[in-house]
Amino acid sequence: MPSLLAITLGLMALWLPSATSQREVFRLFENCRFGKPDFDPCVKKALNSIRPWFKTGLPEFNVAPFDPHRADVVEQVRGDRDGFAGYRLRLLDVSEWGWAKSEVTKFKTDYKNNQIVYSQYFPEKGLNGEYEFESKLLGSQRKTRGSFNLTLFDYSQTTTVSRIGGQGGLLKVRVAVDKIGDMKLHISDLFHGAKLLESMADFLINTMWQPSLPFVKPLINDLVSTAFTDIFNESFRYFPLNEVIH
């Protein structure tokens, strides 16, 4: 399963310092024998043991840093904005941080489906950037734009990475929120500068988010998965497997 191995090696390469040579990448991986019963625990241990270098990426393999990692545009569209109801949300210049302090708690190779599945715990994880929101409900249109800042505490997620086809094939990423211990979300200009309304909205969002989580979690999963699919394809799609494993 060379394409699946490339995904795994790409993940491992992210945690190495930028000065790391190709030979050192091989030495890191040589104790993890692909296809052996202890392969998954070996990869999990390796990922966690070298996480302090998660911020540097691996430029020689064209693997970008992941802490923070950035996305220029992440877009989500629901419904029909030209019809009865719908919206478009665009997140711009998004930065996400907290990966260097995260821990991979589970790692599983799915040979049959050519994918890997791993769970990750974050004591604290943050996102910030700009947003544009357009909506229509019963003929009434609304447009807002501003900035946002989101911090998640005691947070965990499960990520599934699949490759379509062989080496160089597109990667598909699916991220599912497992747990959020606490959340702080601040959004500017929700009501075009009406400070009283924005203060009330900020208070309600940060005190009443838990009851609404089951309803908004699918939207969060979809939004994050879209962003990660773009990011993983940029860094891992052409990961040079033949230069690492001979």
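In what follows, the structure referred to is the one given above.
Residues numbered from 1 in each chain as written. Predicted model: local features only at pLDDT ≥ 70, side-chain atom pairs only at ≥ 80, totals over all residues. Heavy atoms only, no water.

**Q** Any chance you could break down unusual backbone geometry for me, citing the residues and the numbers?
**A** Of note in the backbone geometry, D154 takes a positive phi value of approximately 50 degrees without being a glycine. Its place among the elements puts D154 in strand β5 (residues 140–163). Notably, D189 is not glycine yet its phi reads approximately 60 degrees, a positive angle. The partly exposed category is assigned to D189, whose relative accessible area is 32%. (Helix = DSSP H or I, 4+ residues; strand = E, 2+ residues; numbered from the N terminus. Buried < 20%, exposed > 50% of the residue type's maximum accessible area, 1.4 Å probe, protein only.)

**Q** Account for the environment of S119, with residues named and values stated.
**A** By the secondary structure assignment, S119 is in strand β4 (residues 115–137). As for S119 and F107, which are separated by 12 residues in sequence, their C-alpha atoms are 6.6 Å apart. Excluding residues that lie within four positions of it along the chain, S119 makes contacts with E103, V104, T105, K106, Q157, T158 and D178. Within the structure, S119 has its side chain in polar contact with the side chain of T158 (distance 2.9 Å). (Contact = heavy atoms within 4.5 Å. Polar contact = N/O pair within 3.5 Å; in protein donor to acceptor, adjacent residues only side chain to side chain.)

**Q** Please give an account of the pattern of salt bridges that cites residues and values.
**A** Overall, the coordinates contain 8 salt bridges when judged by the stated rule. For R88, the salt bridge goes to E75, with nearest N and O atoms at 3.5 Å. Highlighted residues: R88 in strand β2 (residues 85–97) and E75 in strand β1 (residues 69–79), separated in sequence by 13 residues. E75 gets classed as partly exposed once you look at its relative accessible area, which sits at 36%. Residues R90 and E75 are paired through a salt bridge, measuring 3.3 Å at the closest nitrogen-oxygen approach. You can see R90 sitting in strand β2 and its partner E75 sitting in strand β1, a full 15 residues away along the chain. A network of salt bridges, in which partner residues are shared, links E75, R88, R90, E132, E134 and R145. (Salt bridge = Lys/Arg side-chain N within 4 Å of Asp/Glu carboxyl O.)

**Q** Go over the environment of L170 with me, naming the residues and quoting the values.
**A** With respect to the helices, strands and loops of the structure, L170 is situated in the loop between β5 and β6 (171–187). Looking at L170, the relative accessible area reads 44%, which means it is partly exposed. Each C-alpha atom of the pair L170 and D230 lies 9.8 Å from the other, and the pair is 60 residues apart in sequence.

**Q** So what about a nonpolar patch on the surface? Which residues, and what values?
**A** A cluster of nonpolar residues, F191, L196, L197 and M200, forms a patch on the protein surface that exposes about 400 Å² of accessible area. Counting through the fold element by element, L196 comes out in helix α4 (residues 195–207). By relative accessible area, L196 is classed as exposed at 65%. (Patch = residues over 30% accessible without salt bridge, like charges linked within 9 Å, V, L, I, M, F, W, Y side chains within 5 Å. Areas by Shrake-Rupley, 256 points an atom, 1.4 Å probe, with all protein chains shown as cover.)

**Q** Talk me through the nonpolar core; I want residue IDs and the actual numbers.
**A** Counting residues in each nonpolar core, the largest one holds 44 residues, and the members touching the most others are L91, F107, I180, M183, F228 and F232. Of all the secondary-structure elements, those providing two or more residues to this core are α3 (39–49), β1, β2, β3 (103–110), β4, β5, β6 and α5 (209–236). Looking at this core, the element that brings in the most residues is α5, giving 8 residues. Leave out the neighbours within four places in its chain, and F228 touches H69, E96, W99, Q157, V173 and V175. (Core = buried A, V, L, I, M, F, W, Y, C linked by side-chain atoms within 4.5 Å.)

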